[in-house]
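Fold and geometry: a report
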Amino acid sequence: MSSLSRELVFLILQFLEEEKFKESVHKLEKESGFFFNMKYFEEKVQAGDWDEVEKYLSGFTKVDDNRYSMKIFFEIRKQKYLEALDRQDKAKAVDILVNDLKVFSTFNEELFKEITQLLTLSNFRENEQLSKYGDTKTARGIMLIELKKLIEANPLFRDKLAFPTLKSSRLRTLINQSLNWQHQLCKNPRANPDIKTLFTDHTCSPPNACILCIAWNTQCMMLTSLSVLKHPRTPPTPGMVDYQNPDHEQLMKRLRPAPSAEEVTYSSSRHQTWSLDDLPRTVAVSLHQGSTVISMDFHPSHQTLLLVGSSNGEITLWELAMRDRLVSKPFKIWDMAACSLPFQASIVKDVPISVSRVAWSPDGNYVGVAFTKHLIQLYSYAGSNDLRQHSQIDAHVGAVNDLAFAYPNKLLCVVTCGDDKLIKVWELSGRKLFNFEGHEAPVYSICPHHKENIQFIFSTAIDGKIKAWLYDTMGSRVDYDAPGHWCTTMLYSADGSRLFSCGTSKDGDSFLVEWNESEGTIKRTYAGFRKKSNGVVQFDTTQNHFLAVGEDSQIKFWDMDNVNILTSTDAEGGLPNLPRLRFSKEGNLLAVTTADNGFKILANAIGLRSLRAVENPPFEAHSYLLVHGYLLLLSQVKRTRVVRLLYTNSAVGLLALGSNGVQKLWKWHRNEQNPSGKATASAVPQHWLPSSGLLMANDVAGVNLEEAVPCIALSKNDSYVMSATGGKISLFNMMTFKVMTTFMSPPPASTFLAFHPQDNNIIAIGTEDSTIHIYNVRVDEVKSKLKGHQKRITGLAFSTSLNILVSSGADAQLCVWSIDTWEKRKSVTIHIPAGKTPTGDTRVQFNADQVRMLVVHETQLAIYDASKMERIRQWTPQDALSAPISCAVYSCNSQLVFATFCDGNIGVFDADTLRLRCYIAPSTYLSPSVLNGSQTVYPHVVAAHPLEPNQFAIGLTDGSVKVMEPSESEGKWGVSPPVDNGILNSRTTSSSTSNHTPDQLQR
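Presented here is a report on the structure given in the accompanying data block. (Residues numbered from 1 in each chain as written. Predicted model: local features only at pLDDT ≥ 70, side-chain atom pairs only at ≥ 80, totals over all residues. Heavy atoms only, no water.)

1. Quick word on the environment of Pro746
Note the cut-off: Each helix is a run of DSSP H or I of at least 4 residues and each strand a run of E of at least 2, with the numbering of both proceeding from the N terminus. Working definition: with a 1.4 Å probe on protein chains only, accessible area under 20% of the residue-type maximum means buried, over 50% means exposed, and in between means partly exposed. Residue contacts are counted whenever heavy atoms from the two residues lie within 4.5 Å of one another.
Within the secondary structure layout, Pro746 lies in the loop between β41 (739-743) and β42 (750-756). Judged by its relative accessible area of 33%, Pro746 is partly exposed. Residues in contact with Pro746, not counting those within four places in the same chain, are Gly726, Gly727 and Lys728.

Next comes the structure, spelled out in C-alpha cells:
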C-alpha cells in the first residue's frame, strides 16, 4: 500500500473516532495493521476478553512470527488457563491446554509438561513458582506490564504504537478544501453555496435559486447555520460575498465545530484517563486581599503568578508560593484630559470605581483591567514586579463589563463590552478597530475564539441574547437565547473543541449547559444547583474534562461528559454564597474568593509540588552578599551537592544538576536593573519552572547516588538538555521539562555526554566501562563504540577545525578519534607530577581557536596543542593554591582560566601562560558559620558565562550556587602577567607572577 493510502487510513481512523464508531475504529486498526491501539488492548486484557485480545493481536502478528510474539501469545494463554483452574473449571482448562497451549510444546516440552501437571493439583498455587499468584485482577495487571514490554520490543510493532500528529477533523478539512476549490471554479459562485452532496462535484445553482448554506457538516453556529437559528437575523448589509477578499474566502472554509488549530494526537485524546485526584481540592494557600475580590487570572506560563482585581479599583500581582504581594496598583486616572466629557462628569459624583475584569494576554506580556466606569487600562509586564503603564482607553459609556485579548489578523488586540450595548476591538495603543452594534441590552460578557483561521467573538447581554461576530462590518451572525434569559458567560474547553455557558435567571435559577455548535442547540444541561441564587454564578473549565461552578458557598465540579455533579468542596469554609473562581492554565491550581476579602488557592498533587518547589527551591537564588566589591548570588540546598553547572548558550539562564539527580534552572529577566536580560551578579534571577510544575529529575531508580557519576549536556539552541545520574539518559524539553525520551540503560552507566557540534542528533557518550558510544537519538541506535581507555570516561571535547574528538579518562589517558571514521588516531598519558598517583577525573575543553586544549586534573592545569597532542604549558598547585584542583574552565573568549580548589580557593589564570592573575579566598564568599562548620565547603564545579569573559558561576558542596564578577571599579580579574619566557612548567609563586603581593592578589 502506498504511503498516501496509508495516511488515508489514519485520517479515516481519526474520523471514525471523532464520530464514536468504536467497533469500526478497532476493526480498521486490526485489518490495516497500521496502528496498534495499546489502550484498547489493555482494556480487553483487563476485562479478560481473551478471544478479542487474540483476534486483535492477529492483525499485527502471529504466534510463530518471532520470539517476542510467541512469548506474548504464551503469556495470554497461560493466564487464561490459570484463571480456568482458579475457577475449578477443569473442563475449560483441559480445552485451553489442548487447543491453545499445546502449540508451545514443540518449543519447550518440559514447560508444557509442568503446565499439564497443574491439573492434578487442587490449587495450582501449591506449585512453588505460582505460590505468589494473587487474585485475577492483580495477575492480569502484572501480565499486562510484561505484555507491554514485549510489544514495545517486538520489531513487528515498530512505528505502530504511536498515532501520527494530526490537526483535529483533518479529513473534514481536506474535503472542505476540495469543496471550496470546486466552488471557486463555479461560473456563478454564490455567497452561500448550496452544497448538498459529496457524490458529485459541486456547481452553484442559477442566480435566482434559493440560497442556503449547507456545506457538509461544516456549519458553524456563529456563521453559516442560518436555517436553524431560533431568531434569524438578516445582516445589516446583505450582499454577495467577494471571494477575491481573503477574509471572506476563509469564511467559507472548514467551519465545523472542532478543536482549535493546535496540534493534537489521536492517541492522547482518545486515551485520556482521569481521577478525582486530578481536581485541585486541597487548600494550599490563603491570602488576604483587603477588599472584595472581583476578578482573578493566572499567568499563562508562570502558574504561581496570580493577578487579582478588587472592588476598590486596585489590582495586585501575587507570587503565590512566596505568599508575596509583588506589586499593587490602586485605581488612578492616568490622563484625565484624554478622557471623554461624560466620564469626567461621572467621576465628579464620587461613586467608587471597581475592577470588573482582569486578564493576562496569551503571551503573558500584558495585563488588561476593565473598570465599572468607562475605562480600561493596559499594563506591560517584564517579569517580577515590573508592571508598567502601557495605555488607557475610554472604552464605553457606563461600565466596562468584560475584557479579553484576541488575535484578529495575527495582531494582539483587546476586546471589550459594556453597558452601552456595544462590543469594541482595540489595538494595544488604544486605536479602535471595530465597533459591533446589535444588542438591545447592556453586553454582559464576551468570548473571543477561533476555528482554524476564522476569528470570531461570542457576546451575551443581560436580556439573555447570545450573538456572534466576525471581525468585519457584516453584523451579528447568530441570535440565540441563553437559558435563564439573563446574565450568561460562555467558555470553550482548553482545546477549543467544546462550548459551554453558565448563567443565572432573574429569578435566581442557575444553568450550566454544553452547546451543539453545528445546530445552535443545547447538547447537555448539567444538574446539581441546590437553591436560588441572589446573584450570578461564575464558572470555569479545565483539563478538557472538568467544569467548576461557585455556588452555595461551595465549589462544585462536573465531568464534562456527565450531567450529574461529580464532587464538591467548601475549601475548609469561609467562602461567600457565590464564590468567584479561576483555574490555572494547566488546571493544577484553582483560585477561589473568600468572604473575608481574600482568596484561597486549591491544588492537586502537581500544584502542591509547584508551590513547594518555588517556596523552598533546592537551588533557590534570591539573596545577595556584597563583600570586597564582589556581588555574589547565594542559594542553599541542604544535603545536596551541586555536581554539574552550565550557563544556557543564550546567557539568560543557569542550569544546575544536584547529586540527587534533580536539575534546577534560573533565568534572568530584562528590566531596568538588567536591560540586557543576560546573566549578571547585579540582578536577581528567578527560579524557573514550567506552568505544569514539573521538575527535571533523572531516573535514579536503583542507583547508589553516592557512587553515581552525573553527566549533563545542553543543545546549542537551548531547546533540550540531556543528563543522567547513574541511570538511563533522559532527554528533557527545556520549555516544558517533560522527558522526550530515555535511552542507554545501564550497565554500563553513562559518565560524560557531549553533543556533536554539527548534528544535535549525534551524541558522544562516555561510560563507566571505559568505552565511548556514538549514539544517534533519531534512530535510537549506537553507530560506533570506541575502545581505547582502561578506566571510566571523564571528559569529551569536539574540535570542528581539527575534525576530531578528544576523550579523557580516569586512567590519565587522552585519546584522539577521527570524527569521520571514529578510528583512534593517537593516545597520550598526561604528565603526573612526582609523588602523585594517576587517579581522579581528567577533563578536557577546547580553546576558542579549536586547536589548543585545556586539560584539567586534580594535580595540574595543562595546555595542549591538539593537532600534535603535545603539552605546551603546565601549572601545578603550589603556595596559596596548593590544594587539589576540583574543576577548571576557559572563559568564553579563552583568555582566562577559572579554577576551583578543594580548600575553597578560586584561581583566575591567564590562559596563554597559565600564570596566576589573582585568587579568591573562601572567606570572600563564604559566611563565618560555613567557614567554621564541621564540613569543608568548596566549589565542586565552575561554569563560564558564554558572553561575558569576566563572569563565572560556582556550584558548591553545600548545594549553594554563586555568580561572581569583578567589582565595577576594577572591571577585570587581577592584572595581565609578564610576557612568558617559554618555560614549559612554571612553578613560580603567586607573588612572583605579577607585580602584586600575595595580599593584594587575594580577593
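2. So, the environment of Ser960
Quick reminder of the rule: Two N or O atoms form a polar contact when they lie within 3.5 Å of each other; inside protein one atom must be a possible hydrogen donor and the other a possible acceptor, and for residues adjacent in sequence the pair counts only when both atoms belong to side chains.
In this fold, Ser960 is placed in the loop between β59 (952-956) and β60 (961-964). Since its relative accessible area comes to 2%, Ser960 is described here as buried. When the C-alpha positions of Ser960 and Val642 are compared, they lie 7.1 Å apart, and in sequence the two are 318 residues distant. Within the structure, the side chain of Ser960 is placed 2.8 Å from the side chain of Asp958, a separation counted as a polar contact.

3. Quick notes on the sheet that holds β42
To summarise the sheet geometry, strands pair through backbone hydrogen bonds and adopt either a parallel or an antiparallel arrangement. Which entries qualify depends on this criterion: Following DSSP output, two strands are said to pair if at least two bridges run between them. Here an angle of 0 to 180 degrees is reported between the N-to-C directions of two axes, which are lines fitted to C-alpha atoms, with helices fitted over the stretch in contact.
Pairing in this open sheet of four strands is antiparallel, and the strands run β42-β43-β44-β45 from one edge to the other. If you trace the sheet from one side to the other, it starts and ends with β42 and β45 (781-787), each paired once. In this sheet, adjacent strand axes meet at a mean angle of 20 degrees when their direction is disregarded. By the bridge criterion, six bridges tie β42 to strand β43 (residues 759-767) in an arrangement that is antiparallel. The residue of β43 that forms the bridge with Phe752 is Gly766.

4. Topic: the layout of surface pockets
The line we're drawing: Cavity and pocket criteria rest on a 1 Å grid covering protein atoms alone: a 1.4 Å probe that fits but cannot get out defines a cavity, protein on both sides within 12 Å along at least 5 of 7 lines defines an open pocket, and an atom within 4 Å of a point defines a lining residue. Grid points are joined across faces, edges and corners, and a volume is the space filled by probe spheres set on the points. Note that Gly is not counted as nonpolar here; it falls among the polar residues with everything else outside the nonpolar set of Ala, Val, Leu, Ile, Met, Phe, Trp, Tyr, Cys and Pro and the charged set of Asp, Glu, Lys and Arg.
Space inside the second largest pocket adds up to approximately 1,500 Å³. Surrounding the second largest pocket, 44 residues form its lining, Leu646, Asn649, Leu796, Val844 and Gln845 being those nearest its centre. Those elements that place two or more of their residues in the lining of the second largest pocket are β33 (642-647), β38 (710-714), β42, β46 (793-799), β50 (842-846), β51 (852-857), β54 (885-890) and β58 (939-944). Looking at the lining of the second largest pocket element by element, the count peaks at six residues for β42. Residue composition of the lining of the second largest pocket, by class: 31 nonpolar, ten polar and three charged.

5. Here we look at the packing of aromatic side chains
For clarity, the cut-off: Ring pairs shown here join Phe, Tyr and Trp side chains whose ring centres sit within 6.5 Å, with only the six-membered ring taken for Trp; geometry is labelled stacked below 30 degrees between planes, edge-to-face above 60, and tilted in between. Here, over-ring charges are defined by two tests on the NZ atom of lysine or the CZ atom of arginine: distance to the ring centre within 6 Å, and angle to the ring normal within 35 degrees.
Throughout the structure, instances matching the rule amount to 31 aromatic pairs. Cluster of aromatic residues (ring-pair linked, three or more members): Phe36, Tyr40, Phe41, Tyr56, Phe60 and Phe157. If you follow Arg6 out to its NZ or CZ, it ends over the ring of Phe34, 5.0 Å from the centre. Positioned above the aromatic ring of Trp688, the side-chain terminus of Lys667 is 4.0 Å from the ring centre.

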